[in-house]
There are 2 protein chains.
Amino acid sequence: MQNAELKERIEELKRRSKKAGLRVTKQRIEIFKAVFESKAHPDAETLYNLIKNKVPNVALDTVYRTLASLESLNMVFRVDSLLPKARFDADYTPHSHFLCTKCNEIYDIFLTSATDVKNEVQKKGIGNVVDVNIQVRGICPKCENEKKEKNLWN
Amino acid sequence: MQNAELKERIEELKRRSKKAGLRVTKQRIEIFKAVFESKAHPDAETLYNLIKNKVPNVALDTVYRTLASLESLNMVFRVDSLLPKARFDADYTPHSHFLCTKCNEIYDIFLTSATDVKNEVQKKGIGNVVDVNIQVRGICPKCENEKKEKNLWN
DNA sequence: AATCTTAATAAGAATAATTCTTATTAAGGA
DNA sequence: TCCTTAATAAGAATTATTCTTATTAAGATT
């Protein structure tokens, strides 16, 4: 059974929707699936294009509204990127992001030191922590290699 | 001498401008000063209002362009916030941010664990790190207290 | 100090991302 | 099956930011 996790997450989406008095529509399911299945932290427009064939007359506005409601249910998360378009993630396991400043790709990274950060903030009593967010900006190995290859010809 | 640091930073701005072939205009100086003097990580419009009296006919567009050029000189930095307006900072000492999700204020915080994060990413060879960015989201003490005071009357 | 080159500016138009308005549709409870 | 109302599609509107163009003014050269 390949998509056991997706199935379970959709069940969770249904439970949370019911609890919050939100309705489960075809649009919401398809948009959630598209976020879940993409590993590229897609933006709203990308999701819109991904689901167009499954939900023919869907409006881009619906994608935005749906992402907002999925966010309020903590089923999708907005990724800090400093890029003009907001990008989204359905992975609730605590993790950080590596942003390549060359290709704008966002990679998931898992850092044990993230826990140290949370602990330090809480210990120092800076505020009531809701979540800790770490992004690392740099050049990804893929772009680094392309740069090297190019240099061979220059 | 109260503003020795500001003075020195403006000298640095002039040196870097010359090196980069950029001109030092009254607008650039005033905008830099305003970012430097504000501890609130202001957005472009706030800066525009702050300098209006000193540079009467300044255009909002100039603020945006100037922030971009100061950014290219590494004299100001864009703060990740997930808020619609970009916010800026002139503090180059490595530090992180605490964002209050209630009042949207951004506080500077200094975390020793930030170094651990950088070390971990570098050791794992995830990519060529340019900078590490940590934000903590939560409720600041001020908003936490207001909440408590309100509850007394409910 | 006067001249010259061109980067930077002001003004306002344009663009891009996101949100709002409204009439219509369809969840899902009764 | 009916009914209430949340969610949708369509397109207009809004918000933040960037672009276009004629003008101004750094600052290098004389």
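Residues numbered from 1 in each chain as written. Chains lettered and ligands numbered in written order. Predicted model: local features only at pLDDT ≥ 70, side-chain atom pairs only at ≥ 80, totals over all residues. Heavy atoms only, no water.

Engineer: Sorry, what's going on with the interface of chain A and chain B here?
Structural biologist: Where interface size is quoted, it is often the accessible area lost as the parts come together. Across the boundary between the two partners, chain A contributes 32 residues, which contact 32 residues of chain B. Taking both partners together, chain A and chain B bury about 2700 Å²; carbon and sulfur atoms supply 56% of that area. Of all residues in chain A, Asp80(A), Ile126(A) and Arg137(A) give up the largest surface area on contact with chain B, accounting jointly for 18% of the area buried on that side. Linking chain A with chain B are 4 salt bridges. The partner of Arg137(A) in a salt bridge is Asp131(B), with the nearest N and O atoms 3.7 Å apart. Between the two partners, chain A and chain B, sit 19 residue pairs in polar contact (both at pLDDT 80 or more). Among the elements that take part in the side of chain A that touches chain B, strand S5 (residues 128-139) of chain A stands out by supplying 12 residues, more than any other. Across the side of chain A that touches chain B, the residue classes break down as 16 nonpolar, 8 polar and 8 charged. (Contact = heavy atoms within 4.5 Å. Buried area = accessible area lost by both parts, 1.4 Å probe. Salt bridge = Lys/Arg side-chain N within 4 Å of Asp/Glu carboxyl O. Polar contact = N/O pair within 3.5 Å; in protein donor to acceptor, adjacent residues only side chain to side chain. Helix = DSSP H or I, 4+ residues; strand = E, 2+ residues; numbered from the N terminus. Nonpolar A, V, L, I, M, F, W, Y, C, P; charged D, E, K, R; others polar.)

Engineer: Would you mind showing me how to read the relation of the copies chain A and chain B here?
Structural biologist: Mapping chain A onto chain B calls for a rotation angle of 179° and an axial translation of 0.0 Å; the resulting RMSD is 0.1 Å. Look at the turn and shift together and you get a two-fold axis relating the two. Scanning chain A for the C-alpha nearest the rotation axis identifies Ile134(A), at a separation of 2.3 Å. In this assembly the copies share their binding face: 100% of the residues contributing to the interface of chain A also contribute to that of chain B. (Least-squares fit on C-alpha atoms with pLDDT ≥ 70 in both.)

Engineer: Just checking my understanding: could you explain the domain arrangement of chain A for this structure?
Structural biologist: Residue and element names in this part refer to chain A. Partitioning chain A into structural domains gives domain 1 (1-91) and domain 2 (93-154). Here domain 1 packs against domain 2, burying approximately 930 Å² in sum over the two surfaces, 48% of which is carbon and sulfur. For domain 1, the biggest contributors to the area lost against domain 2 are His 41, Asp 80 and Asp 91; these three give 49% of the whole. Connecting domain 1 to domain 2 are 0 salt bridges. Inspection of the region where domain 1 meets domain 2 yields 9 residue pairs in polar contact (both at pLDDT 80 or more). (Domains from an automatic or database assignment.)

Engineer: Just checking my understanding: could you explain the packing of aromatic side chains for this structure?
Structural biologist: The description of an aromatic ring pair uses the distance of the two centres, along with the angle that the planes make with each other. All chains considered together, the criterion is met by 4 aromatic pairs over all chains. Geometrically, the ring pair formed by Phe32(B) and Phe36(B) is tilted, given 6.2 Å between the ring centres and 35° between the ring planes. Taken together, the positions of Phe32(B) and Phe36(B), both in helix H2 (residues 26-37) and 4 residues apart, correspond to about one turn of that helix. Grouping residues by exposure puts Phe32(B) and Phe36(B) together as buried. The ring of Phe36(A) carries the charged tip of Lys39(A) above its face, separated from the ring centre by 5.4 Å. (Phe/Tyr/Trp six-rings, centres within 6.5 Å; stacked < 30°, edge-to-face > 60°. Buried < 20%, exposed > 50% of the residue type's maximum accessible area, 1.4 Å probe, protein only. Lys NZ or Arg CZ within 6 Å of the ring centre and 35° of its normal.)

Engineer: Sorry if this is basic, but what is going on with the protein's contact with DNA strand D here?
Structural biologist: Surrounding DNA strand D, one finds 21 residues, the nearest of these being Thr62(A), Val24(B), Asp61(B), Tyr64(B) and Lys85(B). Considering the 4 Å shell around the protein, atoms of DNA strand D inside it are sugar or phosphate in 71% of instances. The backbone of Val24(B) places a nitrogen or oxygen atom 2.7 Å from a phosphate oxygen of DNA strand D. Of all elements in the fold, only helix H2 (26-37) and helix H4 (60-72) of chain A together with helix H4 (60-72) of chain B reach the threshold of two or more residues within the surface near DNA strand D. Among the elements that make up the surface near DNA strand D, the one with the highest residue count is H4(A) (4 residues). Each residue belonging to the surface near DNA strand D can be placed in one class, and the counts come to 8 nonpolar, 5 polar and 8 charged. (Near = heavy atom within 4 Å.)

Engineer: What is the right way to look at the pairing of strand S4 (residues 106-109) of chain B in this model?
Structural biologist: For a regular strand, side chains alternate in direction, first toward one face of the sheet and then toward the other. Direction of pairing for strand S3 (residues 96-100) of chain B relative to S4(B): antiparallel, over a ladder of 4 bridges. Within S4(B), the residue paired with Ser96(B) across the bridge is Ile109(B). (Pairing = 2+ DSSP bridges.)

Engineer: Explanation requested: the protein's contact with DNA strand C in the structure shown.
Structural biologist: Close contacts around DNA strand C come from 21 residues, with Val24(A), Asp61(A), Tyr64(A), Lys85(A) and Thr62(B) the closest. Considering the 4 Å shell around the protein, atoms of DNA strand C inside it are sugar or phosphate in 72% of instances. In the model, a phosphate oxygen of DNA strand C is placed 2.2 Å from a nitrogen or oxygen of the Tyr64(A) side chain. Note that a sugar or linking oxygen of DNA strand C is positioned 2.9 Å from one of the side-chain N or O atoms of Gln27(B). Sort the elements by how many residues they give to the surface near DNA strand C and H4(B) lands first, with 4 residues. The residue makeup of the surface near DNA strand C, split by class, is 8 nonpolar, 5 polar and 8 charged.

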